[in-house]
Amino acid sequence: MEARIARLEADVAHLRTDVADIKVDLRARFDKVDARIDRMDAKVDAVKDSLSSAKVWALVLYFALAGSMLGVMARGFGWI
């Protein structure tokens with residue numbers, strides 16, 4: 001009976017060390033995932049900045065096109 005209890009205690013100790021190792025591995029993996037998420041957030045911010053500048057550039061081009069089209073129409077219809 002005592003040998004059986006000793007064996008069970010050894011098994012419990014072994015399981016506790018396994019659980020501790022698993023917790024360390026999980027924490028390391030969570031840290032890696034968090035780092036990847038942070039990098040993705042930085043990339044998303046960079047894309048948002050690029051899109052914002054592209055929108056401004058497109059708006060400027062739109063106004064230039066509208067202005068030149070107005071000039072062409074004014075000449076064509078004899079407004080000027």
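Relevant structure appears above.
Every chain is numbered independently, its residues counted from 1 as its sequence is written. Given that the model is predicted, a residue must reach a pLDDT of at least 70 before its local features are reported, and side-chain atom pairs must reach 80 or more before they are shown or counted; all residues, however, enter totals for whole chains, interfaces and linings. The side-chain values count all of the structure's non-hydrogen atoms but skip hydrogen atoms and water molecules.

### Section: helix α1 (residues 2-76)
Then, in step 1: Put simply, DSSP H or I for four residues or longer makes a helix, DSSP E for two residues or longer makes a strand, and each gets a number counted from the N terminus. Given the number of residues in a helix, its expected span is that number minus one, multiplied by 1.5 Å. Here α1 contains 75 residues, and its C-alpha end-to-end distance of 108 Å stays within 8% of the 111 Å for a straight helix at 1.5 Å per residue.
Then, in step 2: Immediately downstream of α1, the backbone of Gly78 shows phi near 75°, a positive value.

### Observations regarding a negative patch on the surface
Then, in step 1: The grouping of Asp31, Asp34, Asp38, Asp41, Asp45 and Asp49 at the surface amounts to a negative patch.
Then, in step 2: Inspection of the secondary structure assignment puts Asp31 in helix α1. Residues enter patches when they are more than 30% accessible in relative terms and free of salt bridges; like-charged ones are connected within 9 Å and nonpolar ones (Val, Leu, Ile, Met, Phe, Trp, Tyr) within 5 Å. Shrake-Rupley sampling with a 1.4 Å probe provides the accessible areas, and residues are treated as covered by the protein chains on show and by no other component. For this analysis, a salt bridge means a side-chain nitrogen from Lys or Arg found within 4 Å of a carboxyl oxygen belonging to Asp or Glu. His is not counted here, nor are the chain ends, while Lys and Arg score as positive and Asp and Glu score as negative. For the purpose of locating charges, the reference atoms are NZ of Lys, CZ of Arg, CG of Asp and CD of Glu.

### Points about the packing of aromatic side chains
Then, in step 1: Ring pairs shown here join Phe, Tyr and Trp side chains whose ring centres sit within 6.5 Å, with only the six-membered ring taken for Trp; geometry is labelled stacked below 30 degrees between planes, edge-to-face above 60, and tilted in between. The full count for this structure, using the stated rule, is two aromatic pairs.
Then, in step 2: Between Tyr62 and Phe63, the ring centres sit 6.1 Å apart and the planes meet at 55°, which makes this aromatic pair tilted. For the pair formed by Tyr62 and Phe63, the shared burial category is exposed.
Then, in step 3: With 5.4 Å between their ring centres and 25° between their planes, Phe77 and Trp79 make a pair best called stacked.
Then, in step 4: Since its relative accessible area comes to 54%, Trp79 is described here as exposed. Accessible area is worked out with a 1.4 Å probe on protein chains only. A residue is then buried under 20% of its type maximum, exposed over 50%, and partly exposed in between.

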